Structure formats: structure tokens, C-alpha cells
Amino acid sequence: MNFLREKQYKNLLSQIRDPDHRSWILLNPASIGDTTIVCAFAQAFVEQHGHAITMVIPHDHVAVAQLYPNRFLRVHTAERNLMMQIANNYLDPARFEIDVPICAHPYDLGDCRIDNLLYLYKYPGRGGITQTDMFRHLLRLPWEAKLERPSVPAEWDIEAEKIAQKIGMPKGESVILFPANSSEYPQFPDFFWETVVARLTQRGLKVFCNMRGGNFRPKTMPITGTTPIEVHIHQALPLVSYAGRTICSASGIQFLLLLGGRFAQMTVPMPLTKNTYADHHQNGRHYHSTAFMAQYMYPELPCDMPFAEFSVPFDGTEADLRELAIAIADDVFDHPNCVQRMGPTGRRYLEEQGDWLRKLVTPPRTNAG
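About the cut-offs
Residues numbered from 1 in each chain as written. Predicted model: local features only at pLDDT ≥ 70, side-chain atom pairs only at ≥ 80, totals over all residues. Heavy atoms only, no water. Helix = DSSP H or I, 4+ residues; strand = E, 2+ residues; numbered from the N terminus. Polar contact = N/O pair within 3.5 Å; in protein donor to acceptor, adjacent residues only side chain to side chain. Salt bridge = Lys/Arg side-chain N within 4 Å of Asp/Glu carboxyl O. Buried < 20%, exposed > 50% of the residue type's maximum accessible area, 1.4 Å probe, protein only. Pairing = 2+ DSSP bridges. Axes fitted to C-alpha atoms, helices over the stretch in contact; angles between N-to-C directions. Phe/Tyr/Trp six-rings, centres within 6.5 Å; stacked < 30°, edge-to-face > 60°. Core = buried A, V, L, I, M, F, W, Y, C linked by side-chain atoms within 4.5 Å. Contact = heavy atoms within 4.5 Å. Arc of directions from axis to C-beta.

Undergrad: Quick rundown of the side chain of Gln353? Include the residues and the values.
TA: Summarising the element assignment, Gln353 is placed in the loop between helix H14 (349-352) and helix H15 (354-357). Among the polar contacts listed, one links the side chain of Gln353 to the side chain of Glu352, at a separation of 2.6 Å.

Undergrad: Which residues make up the pattern of salt bridges, and what are the values?
TA: The final tally for this structure, using the stated rule, is 13 salt bridges. A salt bridge links Arg199 to Asp330, with the nearest nitrogen and oxygen atoms 2.8 Å apart. Of this pair, Arg199 sits in helix H9 (residues 190-202) while Asp330 is found in the loop between helix H13 (318-329) and H14, placing the two residues 131 residues apart along the sequence. Judged by relative accessible area, Asp330 falls into the partly exposed class, the value being 25%. A salt bridge links Arg322 to Glu318, with the nearest nitrogen and oxygen atoms 2.7 Å apart. Placement of the pair is Arg322 and Glu318 together in helix H13, with a separation of four residues, close to one helical turn. Since its relative accessible area comes to 42%, Glu318 is described here as partly exposed. Through salt bridges with shared partners, a single ionic network connects Asp133, Arg136 and Glu300.

Undergrad: Lay out the sheet that holds strand E4 (residues 101-103) in plain terms, naming residues and giving numbers.
TA: Where strands meet in a sheet, backbone hydrogen bonds hold them as pairs that are either parallel or antiparallel. Pairing is parallel across the open sheet formed by four strands, whose spatial order is E3-E2-E1-E4. Looking along the sheet, the strands with just one partner apiece sit at the ends: strand E3 (74-77) and E4. Averaged over all adjacent pairs, the angle separating strand axes in this sheet is 25°, with direction ignored. One ladder, built from four bridges, connects strand E2 (residues 52-57) with E3; its direction is parallel. Following the sheet pairing, Ile57 is matched in E3 by Thr77.

Undergrad: Can you explain unusual backbone geometry? Please cite residues and give values.
TA: The linkage connecting Met221 with the following residue, Pro222, adopts the cis geometry, with an omega of -5°. Tracing the sequence through the fold places Pro222 in the loop between strand E6 (206-210) and strand E7 (227-229). A positive phi is found at Asp99, a non-glycine position, where the angle reads about 70°. Along the chain, Asp99 falls in the loop between helix H5 (80-89) and E4.

Undergrad: Outline the packing of aromatic side chains, supporting the account with residue identities and numerical values.
TA: Overall, the coordinates contain seven aromatic pairs when judged by the stated rule. Taken together, a centroid distance of 4.6 Å and an interplanar angle of 45° make the contact between Phe188 and Phe192 tilted. Each member of the pair Phe188 and Phe192 is classed as buried. For the pair Phe255 and Tyr298, a centre-to-centre distance of 4.7 Å together with 85° between the ring planes defines the contact as edge-to-face.

Undergrad: I'd like to hear about the nonpolar core, residue by residue, with values.
TA: Within the largest apolar cluster, 72 residues are counted, with the highest numbers of intra-cluster contacts made by Leu26, Leu257 and Leu258. In terms of residue count, helix H10 (residues 233-243) provides more of this core than any other element does, seven residues in total. With residues up to four places along the chain from it excluded, the contact list for Leu26 reads Val38, Phe45, Ile53, Thr54, Met55, Val56, Ile102, Ala104 and Leu139. Ranked by size, the runner-up nonpolar core spans 24 residues in total, among them Trp193, Phe310, Leu324 and Ala327.

Undergrad: So what about helix H3 (residues 42-49)? Which residues, and what values?
TA: In an α-helix there are 3.6 residues to a turn, and that puts residues three or four apart on one side. Taken together, the buried positions of H3 are occupied by Ala42, Ala44 and Phe45. Down the axis of H3, the sector holding all buried residues measures 160°, keeping them to one side. The secondary structure elements touched by the buried residues of H3 are strand E1 (23-27), helix H2 (32-40) and E2. One or two positions beyond H3, positive phi appears at Gly50, with a value near 75°.

Right, dumping it as C-alpha cells:
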């Protein structure tokens, strides 16, 4: 490290380090879901390594850390580009020391080879370590380390109920769509979403469309037939709990909602090609199509949850997309495109492996706190 970089690095450390207490410093420059994973492992991390944690996260992720009270010495906010500058220029990925920043994300750590392990999903029967396992490995936790469910402050539930009543959201009879995401997935044409909404409305459900977040989204927002709503991170869990149901793209907010478990039904339409075995290319990396499905990435979460993933060919015909949109809206979980990961014995993986998967996450919370 040259003199100028060393000086800059020391200046950065002086901002991040707590002046009075030693702590682990975990950098999280990526998505809501990745910050949530690290927060959910905070208790296990301290139990394993001792000392406290300083979380360094983007300003818009502070609410995620607040869902884990008493888990951090301090929460320091920083711009994503600053965190990436630290990770790329100053950090030795092999160092794991207290008071030295650790990039707590396999996608950005060192040469990123850990992230490449996801490609092993392409080979049935072999698989790869899950995304949550990659964080267990990166954070040097036991393989059985538990994810902790978020704890929603009572005042957030009260706030969400007031918002729901103000916008006319029928309790337990509504659906909140989260169609946007920050990963460069192919987008469905507008008529797919419009068909989903029209069918839900026919069923007597009122549909709301979240307008916040996501760099990639449907062409038309809000989706025709929906009521637009801006859901901030701290409102997501209680608002979905009030609504009852959510339909999400594969995104960080979807991970947070699934970990929270406060919904009557979550359905995720996965944008895949007609050739479901084709690779997905993103930011110069290769992933198998299953790499973005919860049943593969973090199977401990959908275990015992009212959760479904549908394979939806974004390059399918209008008839294909309309038929699947109706199936999703009607909860047709025995549809051929409702993805069921199968285990080695021919049973559904989540059922077959449920005994040990349930031990990797704390039980769902049934109320605030």
C-alpha cells in the first residue's frame, strides 16, 4: 500500500472504528437481502467470535439493522462506492481480525470465487453450498448457525395499520406487489402483470403496487388496476402482514419478507427462458437458472412457509404468459410451472430435508417484537 492510500485508509478507519470499544467491523455494500443475512447472523457471530459488531451499511438499510435490536455496538452508514473502494483497494480478503473491516458479502470479497460456487446448482444431485451457507463460511460460523428472524417494533405495526386504513387496504384481503428489483433480470411484458392484477381483483382482493426501490422494473408503473403505494423498508413487514398476501420479484425485499414470515401467502414469478436449463448472465458472471430460487439459495426459509415460486418464460407467447398469470393469481400450486425442488429420494426437497433445515432458522414470530 503506497503512502497516499495508507493515509486515506487510516482516515477511513478513524471514521468507522468505535473510539471507546473494540469491535468486528462488517461492511455490507450490496442489497437489502445481503444486509439482512448478516444482521440475521449477528447473534450467532457474537456467540462464535466474541466481542461486538460495528455494522457499516448504506443509509437506506438502517431500518434492517433496527429489526435486530441489541445486536450491534453501533451502526455506521456509508456510501456504497466508499465501501467498495475500501473492499477493492485496502482489504486483504484473508484477514479476519477485530477492528479491521471485513467485506461481509461473497459477491464482492476478494476475487469473488465464493460467489461462483452458486454455479454448482446446475448439476442436480451435486448442488452448491447455499447462499446462506456462503455467508456462514465467509463469517466463519458453524454450518448449523441459525438465522434469526427480524423483530418488528410495535410502533411500526401501529404506523402500518394507520397507513393501511388511510389508503383503504382491506385487512387480510389485499395483495402488495413488489415487481421491481436491483438485479438485471429480464422483465415481463405489462400484460402479464395486468392479467395477474385483473384476476386477483376478480377474486375480490384489492391490489397495491409498491413504487419504491429497484433499478429494474416493469415498463408501466404502477401496474394497471393497482393502487400505487410507497413502501419504506421499515413498513414492508407490517404492511404485508396487514394485507395478507404479496407477489414479489426475486429481490432483497423478498428475502426480508420471507425471513420475517408474516404473510398468508408469498408467490414469486421467476423470469426464466423457455429453456429452463439455460444459464443467466449478469455482470460478467454465469449463473444457473435455479441460482435465484429460494428453494436453492436459502431453503431453510421457505420450509413450512406458505410460499411458492413459478417458472415464467419471459420469452413465452402471450397465451403462455396469460395462462401462468392466472395460475399465479389463483394459487394453482399443482401447476407444472410451480417449481418444486426435488430431493434424492424423489420427494420434495423441503419436506425430505425439513428436519435439519428447520434448525437453521429461529421459529417465525407471530406478533410484533
